[in-house]
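# Fold and contact review
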Amino acid sequence: MIQTAVEFAAVSRHFGDIRAVDEVDLRIAEGEFFAMLGPSGSGKTTCLRLIAGFEQPTAGQIHIFSRAMAGVPPYRRQVNTVFQDYALFPHLSVSDNIAYGLMIRGQGRSMRRRAAEEALELVRLPGYADRKPGELSGGQRQRVALARALVNQPKVLLLDEPLGALDLKLREQMQDELRSLQKSLGITFVFVTHDQGEALSMADRVAVFDAGKIIQVGTPQEVYHRPRNAFVADFVGSSNVLPAHLTESFTGQSCPASLRPECIRFVDTGGCLVTVASVSFLGSATRYTVLLDGTPLTVLSDNAQVAAQPGREVRIDWDNERLHCMSEGHE
Amino acid sequence: MSSSLQSLNRSATGATGPLAALSDALWRRPGLFVFLLLVLPVLWLGIVYLGSLFALLIQSFFSIDEFSGMIRHEFTWKTYRELLNPINLDIIGRTVLMATAVTIASAIVAFPIAYYAARYAQGRWKAFFYLAIMLPLWSSYLVKVYAWKLILAKEGILNWLFTSLHLNGLLEMLLAIPVIGGNSLSVSYIGTFLVFLYVWLPFMVLPMQAAIERVPQNYLEASADLGGNPWQTFRHVLLPLALPGIIAGSIFTFSLTLGDYIIPQIIGSSRLFIGQAVYSHQGTAGNIPLAAALTVVPVVIMAVYLWVAKRKGAFDAL
C-alpha cells in the first residue's frame with residue numbers, strides 16, 4: 001500500500017488579515033510528482049513553506065509520513081528544498097555547498113567530498129566541485145541547488161519555481177531531467193509553479209490554487225479536459241467558456257461549459273456559422289478569434305487548414321463530448 | 001533644414017541654457033565627471049591627511065638631544081629603539097590589551113542588538129533603534145565621560161545600587177582582583193574598560209547591523225532546511241557572511257581605543273596608555289620624535305591586523 005507522504009487537514013495560514021492559505025486539505029502520495037499550480041499570491045508557495053517548516057499553520061494539522069509537524073522546526077524535518085533563487089551560500093565552494101547538510105550531521109571531510117562529487121555526477125555537472133557559486137551560470141546553479149538538496153536523501157523534495165529563472169530551451173531540458181531523476185530516485189517531489197505547461201508536462205497530479213484555496217486536484221488530463229470551474233479552465237491552458245444558454249442548445253444541459261481551442265475545427269458544411277474577428281500566426285499553429293452568437297471563441301488550428309481573413313464568415317464544428325460542463329460558474 | 005531639425009531636437013528634449021549644456025557635456029565625458037567628483041576629496045586626503053601622516057613618519061626618524069632638548073634633524077633608528085625600553089613596551093602592551101578586550105566585548109554586546117535591528121525591527125522601531133544607537137553620539141564626549149566618572153565613583157550611583165541590592169560583596173570581590181581592580185570602579189581598569197565599551201559601541205553596532213541586513217533571509221532558511229540548528233546556522237552561514245561588517249566595526253573600536261588619551265586620563269589607574277604618552281611627549285616634554293614613533297605603533301598594529309584578517313579570508317564574502 002502506498003503511504004501518504006504529506007497530508008494537510010484544514011490547514012490555514014493567515015498573515016494579519018490576509019488568508020494566504022485558507023483551510024486546505026491535501027494528500028500527496030509517496031513517490032508522487034506533485035505540482036502546485038496557481039497565479040502569484042494564490043498560496044502555493046506558502047503551502048510549500050508550511051511543508052518545509054519555515055511557516056507554521058495558523059490552524060489545521062500537517063503530517064509528513066504520518067508524523068505531526070506542529071512545532072517541528074525545519075532542521076528536524078526530513079524534507080529539503082530547492083529555493084526559487086537557489087540560495088547557494090556564496091562563501092562556500094560548490095562541493096562545500098552540496099555537502100553542507102552532511103557537514104552539519106558531522107560527516108568527515110573525505111566522505112563529504114566523495115558524496116558531493118557523486119551528487120555532481122547525478123546532476124551532470126562533474127568537475128565543478130571547486131568553483132564558487134558566483135562563477136556558475138543560472139542553469140548550473142540550479143543543478144547545484146538540486147544536488148545540495150538530494151545529497152541528504154530527503155523523504156520529500158520541495159521545489160519552489162526552480163526553473164523560473166532559466167531561459168526557455170534550458171527549462172525544457174531541465175523539465176525532462178527532473179522528471180527522469182524523480183522516477184529513478186523514487187523521492188516524492190512537490191513542485192510549485194505558475195507555469196501551467198510545466199505543471200502539465202511534469203506532474204503526476206496537479207493542484208490548482210486560487211486565493212488561498214485548492215480549486216481542483218487531479219491528473220494533468222483531468223485538470224485540462226475536465227476543469228472544475230472557469231478559473232481552472234482559463235488558468236490551465238486557454239479555454240473557451242460557453243455560457244449556459246449556448247451549452248443547452250448543443251447538449252441539452254444548462255451549464256457553463258469549457259471547450260478547448262484545439263478541439264474546434266473548421267468545416268465546409270454543417271457545424272455553425274461564425275464571423276472571424278482576428279487572426280494571429282503563432283508559428284506552429286494559427287489562433288483565430290471567432291464570434292458565435294456574440295460570444296468570442298478561440299480556435300487553435302494547424303496552418304494546413306484554410307486561412308480565414310477577419311470579417312469573413314466560416315463554419316466551425318466540434319464533438320459535443322468535448323464540451324465539459326462545469327459545476328461552478330464564474331466566481 | 002539642418003537648423004530646423006536641430007531646433008526640433010531641442011524642443012523634443014525641452015532643455016536649453018547653460019546648465020543643460022553643462023550636464024550634456026558631463027554626460028558625454030564621464031571621465032571629466034569622475035574627475036570633478038574626486039578632485040576635492042583627493043586633495044584633502046592627499047595633502048592634509050597623507051601629508052601630515054608622512055610628516056609624522058619623518059619626525060619619528062629624528063631624535064632628541066638629551067642635553068639640549070633640541071631635535072636633531074638626522075636619520076636615526078634611535079627613537080624606535082627607545083620604544084623597546086620597558087616603560088614604553090609596558091604602555092604599548094597595556095593599550096593593545098585594552099583595545100583587544102574592548103573590541104571583543106563590543107562585538108559580543110553589539111551582535112544581539114545588531115541582529116535584532118537587522119532582522120526584526122521594522123518601520124517605527126527601526127527609526128527608534130537608529131535614534132537609540134546614535135543619540136549617545138550627539139552629546140559631547142567629555143560630558144559622557146564625566147557622567148561615567150560620577151556613575152562609577154566610590155560614592156556614585158553604581159555603588160549605591162550594589163549596596164541597596166545587598167550585592168556589595170560582589171563589587172568588592174570584583175575590585176579585589178589584582179591589576180584590573182582598584183580602590184573604586186572609577187580608578188580601575190574595569191572602569192576604563194566599561195567607559196570605552198560604552199563610548200565606542202555605536203561604531204560596532206552600525207556596521208554590524210548593515211552587514212547582517214545584507215545576508216538574505218533565504219540563506220538562513222536554506223541552512224535550516226539542510227539540518228542546521230540556529231547555532232550551526234549562525235556559525236557556518238551568518239557569521240562568515242557578516243564577518244566583513246564585524247571586521248569593519250572592530251577596526252573602529254580597536255583603533256579608537258588605541259589612540260584615545262582622554263578616557264584613561266579621567267577614568268582608571270594613573271598608568272599611561274599610548275595616547276596619553278604621545279600627548280605628554282609632544283607637549284611638556286617636547287619629545288616630538290618619540291611622540292611620532294609612538295603614533296606609528298597603532299598604524300602598524302592596524303596594518304598587521306587587516307593583513308591577517310585578509311589572509312584568514314575575512315573579506316572573501318565581500
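Residues numbered from 1 in each chain as written. Chains lettered and ligands numbered in written order. Predicted model: local features only at pLDDT ≥ 70, side-chain atom pairs only at ≥ 80, totals over all residues. Heavy atoms only, no water.

### Topic: the domain arrangement of chain A
Residue and element names in this part refer to chain A. Split by domain assignment, chain A resolves into domain 1 (4-233) and domain 2 (245-325). Put simply, the middle of domain 1 and the middle of domain 2, counted by C-alpha atoms, are 39 Å apart. On the side of domain 2, 5 residues touch domain 1, which itself brings 6 residues to the contact. Where domain 1 touches domain 2, the interface holds 0 salt bridges. In terms of residue count, helix 8 (residues 220-225) provides more of the side of domain 1 that touches domain 2 than any other element does, 3 residues in total. Class assignment of the residues belonging to the side of domain 1 that touches domain 2 gives a composition of 4 nonpolar, 1 polar and 1 charged. (Domains from an automatic or database assignment. Contact = heavy atoms within 4.5 Å. Salt bridge = Lys/Arg side-chain N within 4 Å of Asp/Glu carboxyl O. Helix = DSSP H or I, 4+ residues; strand = E, 2+ residues; numbered from the N terminus. Nonpolar A, V, L, I, M, F, W, Y, C, P; charged D, E, K, R; others polar.)

### A short note on the interface of chain B and chain A
Every contact between the two is made by 18 residues of chain B and, on the other side, 21 residues of chain A. Summing both partners gives a buried area of about 1,800 Å² for chain B against chain A, and 62% of it is carried by carbon and sulfur. Of all residues in chain B, the largest losses of buried area upon contact with chain A belong to Glu221(B), Asp225(B) and Leu226(B), amounting jointly to 38% of the total for that side. Where chain B meets chain A, there are 1 salt bridge. Inspection of the region where chain B meets chain A yields 8 residue pairs in polar contact (both at pLDDT 80 or more). (Buried area = accessible area lost by both parts, 1.4 Å probe. Polar contact = N/O pair within 3.5 Å; in protein donor to acceptor, adjacent residues only side chain to side chain.)

### Some thoughts on the packing of aromatic side chains
To describe a pair of aromatic rings, you give the distance between the ring centres and the angle between the ring planes. A complete count under the given rule lists 28 aromatic pairs over all chains for this structure. Consider the rings of Tyr116(B) and Tyr120(B), whose centres lie 6.2 Å apart with planes at 20°: the pair is stacked. Here Tyr261(B) and Tyr279(B) contribute two aromatic rings whose centre-to-centre distance is 4.9 Å and whose plane-to-plane angle is 15°, an arrangement assigned as stacked. Taken together, the positions of Tyr261(B) in the loop between helix 12 (230-259) and helix 13 (263-266) and Tyr279(B) in helix 14 (residues 274-282) put the pair 18 residues apart, joining distant regions of the chain. Taken together, Phe111(B), Tyr115(B), Tyr116(B), Tyr120(B), Trp231(B) and Phe234(B) form an aromatic cluster joined through their ring pairs. When the ring centre of Phe89(A) is taken as origin, the NZ or CZ atom of Arg148(A), which lies over that ring, is 4.9 Å away. Residue placement shows Lys155(A) over the ring face of Phe65(A); its charged tip is 4.8 Å from the ring centre. (Phe/Tyr/Trp six-rings, centres within 6.5 Å; stacked < 30°, edge-to-face > 60°. Lys NZ or Arg CZ within 6 Å of the ring centre and 35° of its normal.)

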